[in-house]
Amino acid sequence: MQGEEILGKIIATSGDEFYTPMPKDYKPGKTKYVVVTGSVISGIGKGTISSTLCKLLQDRGLEVEPIKLEAYLNVDAGTLNPFRHGEVFVLDDGTETDLDLGTYERMLDKNLGKDNFVTSGRIYANIIEKERAGKYLGRDVQFIPHVTGEIKKVLRDLAVKTKADAIVIEIGGTVGDYENMFALEALRELHYEEGHGNVCFINITYILQPKTLGEQKSKAAQLGIKRMIELGIQPDIIVCRSESKLHDSIRKKISLNVNVPLENVFGVNDVSNIYSLPLALRKTGFDEAVLDVVGLNKRFKTNGNKVIREWNKKTSVHGKAQPLAVAIAGKYTGCADTYISILKALEHCSFKLNRKVKVKWVDTTELEARDVKKALSDVDGVIIPGGFGIRGIEGKVAVAKYCRENDIPYLGLCLGFQVALIEIARDKLGLKEANSTEFEPKTPHPVIDILPEQKKIEGLGGNMRLGGKDVELKPGTIAAKIHDNEKTIRRRFRHRFECNPEYIEQFEKAGVVFSGKAPGQPIMQVLELPKHCFFMASQFHPEFTSRPLHPDELFLEFARACEKK
Ligand code: GLN
């Protein structure tokens, strides 16, 4: 660490109070930083607004790179309970992130990687690793400058690696949380070091409107933003989220109380379709204001709003759209965020087909076979999503059986693929006790079994078969046809179990077509029942790569089959 990593304008050794590790070839001022923080409450769409900003900057021709700094101590999101935290989103490089990364990928239509998602746990792990390697020799390792230094390093590394014009940094949580305090301190330092005009601070706040008063109140927002100022950070731009349209008097109060010029206080009220935000925010001058702060406005003019207008048009359902009723049969049905990418993938189909998708949640935990018919009586098709653990499995098997026998469109995703095979094994192969060794380790018929490479792995963090992998499609199958007869597609995985290769032949004899498999390995990845109106399942998660203007092919074909019902 002494010297070699420390270039740029601040020269320091690890013993120095100015300790700031700089990546090689770092050019201060080349990449601008836009920091997005939240105040008052979480869950007000910080990720949505940040990703919208990224989209608007991208639309002007900027190379923009988002990064989410998560406050929790898990090294990644892989071990988080989806019921508490929402879906675990998997990136192409196998990083397990929180659902915001999905929002960025969909907005920007771009694959992100491990450098775009950094938790406090990751930061600490880096530091402990360096400490054990003796890189801080002689120094006590401290929050300031070492933890803050590590955060700045992560950001500057991203700048060097991507040569981005702007990095948009979303800070998880709200200002004032203990957990993200040092991240804010690191960004205060970053601003100090990079200099004026190179860093823009945005605070997204919430304007309360208590029912009993019926009017908007700005005090909580003022206090929240002042918390940021107390930490030595003067925000440049405020976005006020509110239920109804922001009142001018509130904008003025905010402006005066937190030192932000009136023209830099923006209002965003609740919208039903987040895809309308880019155009709506462009019209307010929001992205222009951001570029003004970091001195980029002249270099990156809009070329009219043609592209985002087009995007707006293509990402809405208009006229008298017919409904499409889809059941999602899983165990986390109480928390829609658990299946957010599935909902989004369905939404992408709804744009293409001009249908209103209505989702019915079917909790399989207590679902008995005799109740399945009733539970599915008002839907056009069924999705069985991914999942772990035995809870709700028998209900899912009953759902798969009902769909197969009654010609109801069925789309199985990862666990939904395995459930379909368990059901077919029990019913068509005569293996009454067929199961996955995940649910019944001693089953006499382990039709789903742990992947050989997974057998030797211990612990549960970051060690599944993860990320983007090639899938070979079998010519002449439905899978090949709907993917434009491509020989190979790339999709994202997150699993430990697979179809046991010993049973492949029996399944095929019973009419199952394995239309996708791993190149050079007997890992089955897509199955279809050609005689059925639509019965397909994938070992991968097609929902992770579905994009607003390019719905995933399996989802789209499923939605078309539902349409015909
Ligand atoms: N539990 C199954 C496995 O590990 C399915 C995983 C999933 O649905 N993501 O293989």
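On a predicted model such as this, the values are computed, not experimentally measured, just so you know. (Residues numbered from 1 in each chain as written. Predicted model: local features only at pLDDT ≥ 70, side-chain atom pairs only at ≥ 80, totals over all residues. Heavy atoms only, no water.)

Summed over all chains, the structure comprises two cavities of 30 Å³ or more. Counted as a void, the largest cavity has a volume near 80 Å³. In terms of lining residues, the largest cavity is bounded by 14 residues, among which Leu69, Glu70, Ser120, Phe182 and Ala183 are the most central. Elements represented by at least two residues in the lining of the largest cavity include exactly strand S2 (64-70), strand S5 (117-119), helix H4 (120-132) and helix H6 (181-194). Of the residues belonging to the lining of the largest cavity, the class tally is eight nonpolar, four polar and two charged. When its volume is computed, the second largest cavity comes out at roughly 60 Å³. Taken together, Thr103, Arg106, Met107, Ile274, Tyr275, Trp311, Lys344 and Pro548 make up the full set of residues lining the second largest cavity. Of all the elements, helix H3 (residues 100-108) adds the most residues to the lining of the second largest cavity, at three residues. Within the lining of the second largest cavity, the residues separate by chemical class into five nonpolar, one polar and two charged. (1 Å grid on protein atoms, 1.4 Å probe; cavity = no way out; pocket = protein on both sides within 12 Å on 5 of 7 lines; lining within 4 Å. Points joined across faces, edges and corners; volume = space filled by probe spheres on them. Helix = DSSP H or I, 4+ residues; strand = E, 2+ residues; numbered from the N terminus. Nonpolar A, V, L, I, M, F, W, Y, C, P; charged D, E, K, R; others polar.)

Before going further, it helps to examine the site of the ligand. In the vicinity of the ligand, the contacting residues are Gly386, Gly387, Phe388, Cys414, Leu415, Gln418, Glu438, Arg494, His495, Arg496, Phe497 and His541. In the environment of the ligand, a nitrogen atom lies 2.9 Å from a nitrogen or oxygen atom belonging to the backbone of Arg494. Contact distances for the ligand include 2.8 Å between an oxygen atom and a backbone N or O atom of Phe497. Protein chains shield 99% of the accessible area of the ligand, which is 300 Å² for the free molecule. (Near = heavy atom within 4 Å. Polar contact = N/O pair within 3.5 Å; in protein donor to acceptor, adjacent residues only side chain to side chain. Areas by Shrake-Rupley, 256 points an atom, 1.4 Å probe, with all protein chains shown as cover.)

Interaxial distance between helix H9 (residues 277-284) and helix H11 (residues 306-314) falls to 8 Å at its minimum, and their mutual angle equals 145°. Together, Pro278, Leu279, Arg282 and Lys283 of H9 and Ile308, Arg309, Trp311 and Asn312 of H11 make up the contact between the two elements. Residue composition of the contact of H9 with H11, by class: four nonpolar, one polar and three charged. (Axes fitted to C-alpha atoms, helices over the stretch in contact; angles between N-to-C directions. Contact = heavy atoms within 4.5 Å.)

Take the pairing of strand S8 (residues 237-242) next. A regular strand places its side chains on the two faces of the sheet in alternate fashion. Of all six residues in S8, six are buried, a share of seventy percent or more. Alternating residues of S8 divide into Ile237, Val239 and Arg241 and Ile238, Cys240 and Ser242, and every residue in both groups is buried. Across five bridges, the pairing between strand S7 (residues 199-206) and S8 is parallel. From the neighbouring strand, Tyr206 faces S8, where its bridge partner is Arg241. (Buried < 20%, exposed > 50% of the residue type's maximum accessible area, 1.4 Å probe, protein only. Pairing = 2+ DSSP bridges.)

Moving on, we come to the sheet that holds strand S19 (residues 513-517). Read across the open sheet, the nine strands follow the order S11-S10-S12-S13-S21-S20-S19-S16-S17; overall the sheet is mixed. The outermost strands of the open sheet, each flanked by one partner alone, are strand S11 (355-363) and strand S17 (488-495). With direction set aside, neighbouring strand axes in the sheet form an average angle of 25°. The pairing of strand S12 (residues 381-384) with strand S13 (residues 410-413) spans three bridges and is classified as parallel. Bridge pairing links Val382 to Tyr410 in S13. Helix-sheet contacts for helix H14 (residues 393-405) involve strand S10 (322-330), S12, S13 and strand S21 (535-538), and the interaxial angle to S12 is about 145°.

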